[in-house]
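This is what each chain is made of:
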Amino acid sequence: KKKIAVMTSGGDSPGMNAVVRAVVRMAIHMGCDAYCVYEGYEGLVQGGDLIKKMQWNDVRGWLSEGGTLIGTARCMAFYERPGRLVAAKNMILHGIDALIICGGDGSLTGADKFRAEWPSLLEELVANGQLTKEQIGPYQHLNIVGLVGSIDNDLSGTDATIGCYSALARICEMVDYIEATASSHSRAFVIEVMGRHCGWLALMAGVATGADFVFIPERPRDRDWKADMSTVVRRHRELGKRKTIVIVAEGARDKDGTKITPEEIKDLLADKSEGGLALDTRITTLGHVQRGGTAVSYDRTLGTLQGVEAVRAVLEATPETETPFIAINENKIVRKPLMKAVAETKELSKAVDAKDFEKAMGLRDTEFAD
Ligand code: ADP
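This section reports on the structure supplied with the text.

Calculation rules
- Residues numbered from 1 in each chain as written.
- Predicted model: local features only at pLDDT ≥ 70, side-chain atom pairs only at ≥ 80, totals over all residues.
- Heavy atoms only, no water.
- 1 Å grid on protein atoms, 1.4 Å probe; cavity = no way out; pocket = protein on both sides within 12 Å on 5 of 7 lines; lining within 4 Å.
- Points joined across faces, edges and corners; volume = space filled by probe spheres on them.
- Helix = DSSP H or I, 4+ residues; strand = E, 2+ residues; numbered from the N terminus.
- Nonpolar A, V, L, I, M, F, W, Y, C, P; charged D, E, K, R; others polar.
- Near = heavy atom within 4 Å.
- Polar contact = N/O pair within 3.5 Å; in protein donor to acceptor, adjacent residues only side chain to side chain.
- Areas by Shrake-Rupley, 256 points an atom, 1.4 Å probe, with all protein chains shown as cover.
- Pairing = 2+ DSSP bridges.
- Axes fitted to C-alpha atoms, helices over the stretch in contact; angles between N-to-C directions.
- Contact = heavy atoms within 4.5 Å.
- Core = buried A, V, L, I, M, F, W, Y, C linked by side-chain atoms within 4.5 Å.
- Buried < 20%, exposed > 50% of the residue type's maximum accessible area, 1.4 Å probe, protein only.
- Salt bridge = Lys/Arg side-chain N within 4 Å of Asp/Glu carboxyl O.
- Expected span 1.5 Å × (residues − 1).
- Phe/Tyr/Trp six-rings, centres within 6.5 Å; stacked < 30°, edge-to-face > 60°.
- Lys NZ or Arg CZ within 6 Å of the ring centre and 35° of its normal.

## Observations regarding the layout of surface pockets
Item 1. Roughly 250 Å³ of internal volume is contained in the second largest pocket.
Item 2. Along the walls of the second largest pocket sit 16 residues, with His141, Leu142, Asn143, Thr318 and Pro319 positioned nearest its centre.
Item 3. Those elements giving two or more residues to the lining of the second largest pocket turn out to be α4 (105–127) and α10 (297–316).
Item 4. Among the elements that take part in the lining of the second largest pocket, α4 stands out by supplying three residues, more than any other.
Item 5. For the lining of the second largest pocket, a count of residues per class yields nine nonpolar, four polar and three charged.

Following this line, the structure appears as structure tokens:
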């Protein structure tokens with residue numbers, strides 16, 4: 001009987017509970033034993049009670065819960081081989097032969113490294129007397145499948161990561177609240193949203209709320225962005241707009257790579273000197289409300305469908321299969337090579353760092369206004 005474990009790792013995202021529920025139930029449905037590894041890689045390294053066998057009823061009601069109920073953690077030990085050696089031993093002692101991991105690109109990179117090292121980890125465990133040849137016998141190949149859980153929608157090769165639409169919905173809801181008061185007082189608001197390397201949330205929130213101006217890492221602004229923004233905001237005001245909304249991603253920057261901060265934007269909007277906009281301006285940093293709360297229906301269905309597919313991928317894998325992750329492309333749930341997607345993601349981040357993103361992505365000028 002196959003023993004399939006599921007874990008969540010890295011930053012939490014809405015929809016991770018849907019993944020765990022789907023994996024547990026699909027595994028049981030397919031005649032396997034289902035396990036949860038609590039607290040991400042920390043659970044593998046510590047073992048013991050953090051690796052638990054799950055029954056059908058244990059995941060009842062999980063679809064409507066936010067966060068991840070099996071916990072997640074950053075685990076320093078797993079970055080190093082000795083940590084992964086203990087993890088391998090704990091997996092074998094629990095009899096686990098397949099691991100489904102829902103996390104960001106860091107977690108998935110760690111997973112692939114673990115799988116690549118697996119044969120040598122087993123050798124070492126036998127050589128230093130921690131396990132016997134008989135004990136490792138049935139575990140020659142580690143079967144791993146990745147699922148992308150991230151609010152940032154920051155993995156190449158999939159149209160949406162599990163959690164990104166919940167975060168986007170939350171941001172839009174918050175911007176709506178702010179707009180009501182902004183409009184009443186004819187104020188301006190600078191709203192900072194998450195996204196250090198990826199501006200998807202900021203960009204989509206800008207489109208969905210009709211923001212006046214958006215700053216994202218992928219489109220570094222010209223050095224004279226202040227003049228550009230002032231012109232746009234002034235034009236919108238002249239058209240009769242009583243509110244000004246500027247959305248800025250955490251990783252926003254100019255073409256020199258200098259961070260563009262909400263404070264600078266606020267100072268510009270509030271500038272009372274001659275020719276200044278002189279708007280009554282506030283800053284709102286949305287922070288962790290973007291991560292928390294329940295998942296929207298899209299993330300619940302995505303997590304469920306991908307969780308089911310992950311179990312199928314585990315059951316169909318052969319030792320030759322490249323480590324897959326489950327993606328969604330044009331509304332179809334598909335398996336793709338994990339490390340190719342991680343490598344592409346790294347290339348794109350490098351392009352952002354090299355301030356060459358527009359070329360890499362073929363982006364054109366963007367401006368969003370009501
Ligand atoms: P995310 O998965 O959201 O990108 P992190 O990058 O923090 O988040 O990764 C989560 C955990 O995955 C880390 O705490 C570590 O245990 C493991 N991990 C990340 N990158 C690696 C790596 N290159 N090698 C081994 N383990 C890694």
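## Some thoughts on the site of the ligand
Item 1. Around the ligand sit 16 residues in total, of which Arg74, Cys75, Gly104, Gly106 and Ser107 are the nearest.
Item 2. Gly104 is positioned such that a nitrogen or oxygen atom in its backbone is 3.0 Å from an oxygen atom of the ligand.
Item 3. Burial of the ligand by the surrounding chains reaches 84%, relative to a free accessible area of 550 Å².
Item 4. Grouping the constituent residues of the shell around the ligand by class yields four nonpolar, eight polar and four charged.

## Some words on the sheet that holds strand β2 (residues 33–37)
Item 1. The strand order across the open sheet built from seven strands is β3-β2-β1-β4-β5-β10-β11, with neighbouring strands paired in mixed fashion. Unpaired on one side and paired on the other, β3 (51–54) and β11 (332–337) mark the two borders of the sheet. The sheet shows a mean angle of 30° between the axes of neighbouring strands, taken without regard to direction.
Item 2. With six bridges connecting them, strand β10 (residues 324–329) and β11 associate as antiparallel partners. Of the residues in β11, the one forming a bridge with Ala327 is Val334.
Item 3. In this fold helix α1 (residues 16–29) packs onto β1 (3–8), β2, β3, β4 (98–103) and β5 (143–148), with an angle of close to 180° to the strand it touches most, β1.

## What to know about the nonpolar core
Item 1. Ile4, Val24, Cys36, Ile100, Leu147, Ile191 and Ile245 are the most contacted members of the largest nonpolar core, which totals 58 residues.
Item 2. Once residues lying within four places of it in the same chain are set aside, the contact partners of Ile100 are Ile4, Ala5, Val6, Met7, Val23, Val145, Leu147, Ala310, Val311 and Val314.
Item 3. Counting 37 residues, the second-largest nonpolar core is a separate cluster that includes Val45, Leu99, Phe114 and Leu142.

## Here we look at the pattern of salt bridges
Item 1. Applying the stated criterion to the full structure yields 17 salt bridges.
Item 2. Lys226 is the salt-bridge partner of Glu264, the closest N and O atoms lying 4.0 Å from each other. Residue Glu264 is found in helix α9 (residues 262–270), and its partner Lys226 is found in helix α8 (residues 225–238); the two are separated by 38 residues along the sequence.
Item 3. Using a relative accessible area of 36% as the deciding quantity, one classes Lys226 as partly exposed.
Item 4. Note that Asp280 is salt-bridged to Arg282, the shortest N-O span being 3.1 Å.
Item 5. Among the residues examined, Asp280 registers a relative accessible area of 35% and is labelled partly exposed.
Item 6. Since its relative accessible area comes to 35%, Arg282 is described here as partly exposed.
Item 7. Where salt bridges share partners, they join Glu309, Arg312, Glu316 and Arg335 into one cluster.

## What to know about α1
Item 1. Taking 1.5 Å per residue, 14 residues should reach 20 Å; α1 reaches 20 Å between its end C-alpha atoms and fits that length.
Item 2. Burial within α1 is extensive, with twelve of its 14 residues counted as buried.
Item 3. Those residues of α1 that fall on the buried side of the exposure criterion are Met16, Asn17, Ala18, Val19, Val20, Arg21, Ala22, Val23, Val24, Arg25, Met26 and Ala27.
Item 4. Looking at the buried residues of α1, the elements they touch are β1, β2, β3, β4, β5 and α10.
Item 5. Phi turns positive one or two residues past the end of α1, at Gly31, with a value near 85°.

## Structural notes on the packing of aromatic side chains
Item 1. Tallying each qualifying case throughout the model produces seven aromatic pairs.
Item 2. Each ring, one from Tyr41 and one from Phe78, has its centre 3.8 Å from the other, and the planes form 10°; the classification is stacked. Of this pair, Tyr41 sits in helix α2 (residues 41–46) while Phe78 sits in the loop between β3 and α3 (81–93), and the two are 37 residues apart along the sequence. Each member of the pair, Tyr41 as well as Phe78, carries the same accessibility label: buried.
Item 3. Note on Tyr165 and Trp200: the rings are 5.3 Å apart at their centroids and 90° apart in plane angle, and the pair reads as edge-to-face. Of this pair, Tyr165 sits in helix α6 (residues 164–185) while Trp200 is found in helix α7 (residues 200–209), placing the two residues 35 residues apart along the sequence.
Item 4. Taking relative accessible area as the criterion, Tyr165 reaches 32% and is therefore assigned partly exposed.
Item 5. Here the guanidinium or amino end of Lys52 rests over the ring plane of Tyr38, the centre of that ring lying 4.2 Å away.
Item 6. Just above the ring of Phe215 sits the side chain of Arg221; from NZ or CZ to the centre is 5.5 Å.

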